[in-house]
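Residues per chain, in single letters:
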Amino acid sequence: MHIDARTLPNGSVLEADLCIVGAGAAGISMALEWIGSRHKVLLLEGGGFEYEPAMQDLYRGEIVGLPYYPLQAARLHYFGGTTGHWAGFCSTLDPIDFEKREWVPHSGWPIRREELDPFYVRAQPLLELGPYEYAAADWQRRDPTLVPLPLDPRVVWTKMWQFSPPTRFGSRYRDPVVAAPNVHLYTHANVCELEANDSVTSIQGLRVRTLDGKEHRARAQYYVLACCSIQNARLLLASNRRTPAGLGNEHDLVGRFFMEHIEMPGGQLALAPDAADPKMYGMEFGVTKARGELALNGAVQRERRILNGTVSLEAAAPGEEAKSNFQWATPELLAAFREWEAHGRAGPPPAGLPEPPPPGSRLFHLLARQEQAPNPDSRVLLGTERDALDMPRAKLDWRLTQLDWRSFHVFYEVLGRELGRSGAGRVQLLDWVRREDGTWPSTLSGGWHHLGTTRMHENPRFGVVDATCRVHGLGNLYVAGASVYPTGGAVNPTLTLVALSLRLSDHLKRTLA
Amino acid sequence: MNRRQFLGLSATSALFAGLTGSACGAGTHAAFDLDALARPDLLSILGPDVVRAIGLHYRRLVPGENQVPALHGAILATRPWPSRVPWPVGPSIADMVHDDFAAGRTIVVQGWVLSVTEARQSALFSLLSA
């Protein structure tokens, strides 16, 4: 069932058993789980079904600290969320990502990878992926022409990615959500405040506003924030009527530990003429089902005391300069890409998209995808400017540490040595990677992955949510999405956040039973 | 320096490297004659222009190895086998390059992560292929 909140009489009260705030990958994954249940579910989405500049402007924010991509272009504010322009990259976190690593301050999840596996399995079809197989050998068995480079897996191994078509949650799941009698989707319903009870032990309602000036209330037994890492933190911080620091923020953790993946080129690989066809590492958008990336073994991470990381091989023309994500994917290009997709990819793709790899190329850009160390000083705060709904805008202070810098450099050094040792080829480091001055280049780039602002920890002094994703101290408020990640590994976050959402959904079903 | 000039210096080379009898017989083992040393496998990966540039930069980075004899001697001196071992059972240049990488005996020249042996070979190439 769908209702546009702008059509409701001002002051309406919406009631349900469960209220999910945000209809992106996390929120929709959860809502789908409840279709046909005896419980009534509210799914509140700030945007509509289409891209609207005024709605998108609500995500605009201030950038302090390291340069970052415009916030209003990094996330999409409509039904389906940022899956509206994601590229579909999926892989699993590694077991080491869940461990407490003594050389990575604040590392360690309260759950193990094995506990997430059943939910990864269930997440695969939602993202229209293949079987839950992420070993290179499995994909080589399916296609013997996929041959991994002859590297020592104790040093560098081939980690597999699967590619979603990519699933646009907005178009793919609109019909089942709208048709579900027990799931009440309200669009243009922006939650501006979580209202706690007097003792600040539970949420008793939500204030919902529309851009045309209406204000409604939503009430439920349980609430789930699924608005993305920046907006989850912003909403908790801005809900400061009863506690000046905001809800769930007794220990000043909300908004802290904002993490990205450091995604940028660090060098190039010249493949030896007798090396195997690197088809296993190639990717053609919309065609390739799976590919490998070169990943650092956990033993090397331990020995060298560095973070997790992978590199992808992107075919390059001689003399071609590799660009980072933030360089090539301008907001204008992303907008053109969305338009092109909205029209069924009719006509030529927008100029500026990466070209398909030239056949037979032996030269590859090595694009890193590196974990960022959890850092309390890297954070989302409230700015002084307010948006059209009178909410304080977000302020992003993205910061990296020396561990991030050193990990990047050691990773490329290890790669250079191992690729040379194996005879697969030789690695050339970019100028800035050769320097020892500890500085990042002007091309510093993330992967548009926002993680960690409501981190998970069993102890409320160290985490905003517990292992079930419930906000410490608030009995009926949960968080879904990558904001709960204590660490982000070196994989794109969508598969894991969908898996965690399914896990949370199971927990809430047991709780409501 | 051309090949003829080098031959005139080859004895000096051996002396420079402190090598004894059998080591001076580098030319008796195909893998270690001058042609082989000055033709690094790197050529097949990077091509002659890049290898020559690497060689030039290596010579600037390591001024003590800016001459053929010094380079030749340095390569031979790093062979792990004692000189009394007959050459044919010793490691090939490819083995030495592999072992360099495995042991972390690498050097970054013009950004390329290289085995020290192949960097020296590149320097030889830059001297002898001009």
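Residues numbered from 1 in each chain as written. Chains lettered and ligands numbered in written order. Predicted model: local features only at pLDDT ≥ 70, side-chain atom pairs only at ≥ 80, totals over all residues.

Asks: Lay out the overall build of chain A in plain terms, naming residues and giving numbers.
Replies: Along chain A, the regular secondary structure elements total 14 helices and 18 strands. Rg of the C-alpha trace for chain A: 22 Å, near the compact-globule value of 24 Å for 513 residues, within the 12% margin. For chain A, the spread of C-alpha atoms along the principal axes amounts to about 70 × 50 × 40 Å. Sorting the 513 residues of chain A into buried and exposed places 53% on the buried side. Within chain A, counting contacts between residues at least 6 apart in sequence, those at least 24 apart form 76% of the total. (Helix = DSSP H or I, 4+ residues; strand = E, 2+ residues; numbered from the N terminus. Rg over C-alpha atoms; globule rule 2.2 N^0.38 Å. Buried ≥ 20, exposed ≤ 12 C-beta atoms within 10 Å, placed from the backbone. Contact = placed C-beta atoms within 7 Å.)

Asks: Could you give me a rundown of the overall build of chain B, with the residues and numbers involved?
Replies: Scanning chain B from terminus to terminus reveals seven helices and two strands. The linear arrangement of helices and strands in chain B, starting from the amino end, is α-α-α-α-α-α-β-β-α. In chain B, which comprises 130 residues, the proportion classed as buried is 40%. Sequence separation of 24 or more characterises 70% of the internal contacts of chain B that already satisfy a separation of 6 or more.

Asks: Hey, could you go over the interface of chain B and chain A for me, with residue numbers and the actual values?
Replies: Contact residues are listed per partner, giving 15 residues for chain B and 14 residues for chain A. A class-by-class count of the residues in the side of chain B that touches chain A yields nine nonpolar, six polar and no charged. (Nonpolar A, V, L, I, M, F, W, Y, C, P; charged D, E, K, R; others polar.)

Asks: Could you give an account of the pairing of strand S10 (residues 215-225) of chain A, naming the residues involved and the relevant values?
Replies: All names here are of chain A. Here eight bridges tie strand S2 (residues 13-21) to S10, and the two strands are oriented parallel to one another. Paired with Val 21 across the bridge in S10 is Leu 225. Bridge count for strand S9 (residues 203-209) against S10 is four bridges, and the pairing is antiparallel. Within S10, the residue paired with Leu 206 across the bridge is Ala 218. Bridge count for S10 against strand S18 (residues 477-479) is three bridges, and the pairing is parallel. The partner of Val 224 across the bridge, within S18, is Tyr 478. (Pairing = 2+ DSSP bridges.)

Asks: Can you explain the environment of Pro 9 of chain A? Please cite residues and give values.
Replies: Residue and element names in this part refer to chain A. The residue Pro 9 is located in the loop between strand S1 (2-4) and S2 in this model. Since 7 C-beta atoms lie within 10 Å of it, Pro 9 is described here as exposed. As for Pro 9 and Val 498, which are separated by 489 residues in sequence, their C-alpha atoms are 34 Å apart.

Asks: So what's going on with helix H12 (residues 402-422) of chain A? Which residues, and what values?
Replies: With 21 residues, H12 of chain A should cover 30 Å at 1.5 Å per step; its first-to-last C-alpha distance of 30 Å lies within 8% of that length. Positive phi appears at Gly 423 of chain A, one or two residues downstream of H12 of chain A, with a value of about 80°. (Expected span 1.5 Å × (residues − 1).)

Asks: Can you explain helix H11 (residues 331-342) of chain A? Please cite residues and give values.
Replies: In a regular helix each residue adds 1.5 Å, so 12 residues correspond to 16 Å; H11 of chain A covers 16 Å between its end C-alpha atoms and thus fits that length. Of the residues flanking the end of H11 of chain A, it is Gly 344 of chain A, one or two places downstream, whose phi is positive at about 70°.

Asks: Describe unusual backbone geometry, with residues and values.
Replies: All names here are of chain A. Cis rather than trans, the peptide bond between Pro 165 and Pro 166 has omega equal to 5°. Here Pro 166 shows up in the loop between strand S6 (156-163) and helix H6 (169-172). Although it is not a glycine, Trp 448 sits at a positive phi angle of roughly 60°. Structurally, Trp 448 can be placed in the loop between helix H13 (431-434) and S18.

Asks: Tell me about the sheet that holds strand S15 (residues 379-386) of chain A, and name the residues and values.
Replies: Residues and elements named next belong to chain A. Pairing in this open sheet of three strands is mixed, and the strands run S4-S16-S15 from one edge to the other. The open sheet has two edge strands with one neighbour each: strand S4 (62-65) and S15. Going from strand to strand, the sheet's axes swing by 35° on average, the running direction of each strand aside. Sheet analysis places S15 next to strand S16 (residues 392-398), joined by five bridges and oriented antiparallel. Bridge pairing in S16 links Val 380 to Leu 396. (Axes fitted to C-alpha atoms, helices over the stretch in contact; angles between N-to-C directions.)

Asks: Describe in detail the packing of helix H4 (residues 42-61) of chain B against helix H7 (residues 116-128) of chain B, supporting the description with residues and values.
Replies: Residue and element names in this part refer to chain B. At their nearest, the axes of H4 and H7 sit 7 Å apart, and the two run at 80° to each other. When the axes of H4 and H7 are compared, the pair comes out roughly perpendicular. In this structure, H4 uses Leu 42, Val 51, Arg 52, Ile 54, Gly 55, Leu 56, Tyr 58 and Arg 59 to contact H7, whose residues at the interface are Glu 118, Ala 119, Ser 122, Ala 123, Phe 125 and Ser 126. Residues that form the contact of H4 with H7 fall into these classes: eight nonpolar, three polar and three charged. (Parallel < 35°, antiparallel > 145°, perpendicular 65-115°, else oblique.)

Asks: How would you explain the packing of helix H5 (residues 68-77) of chain B against H7 of chain B if you had to name every residue and give the values?
Replies: Residues and elements named next belong to chain B. The interhelical angle for the contact between H5 and H7, taken along N-to-C directions, is 155°, at an axis separation of 10 Å. With respect to H7, the element H5 is oriented roughly antiparallel. Crossing of H5 against H7: the hand is left-handed. In this structure, H5 contributes Val 68, Leu 71, Ala 74 and Ile 75 to the contact, and H7 contributes Thr 117, Arg 120, Ala 123, Leu 124, Leu 127 and Leu 128. Split into classes, the residues belonging to the contact of H5 with H7 amount to eight nonpolar, one polar and one charged. (Left-handed = near helix turned anticlockwise from the far one by under 90°.)

All we've got here are geometric facts, nothing functional implied.
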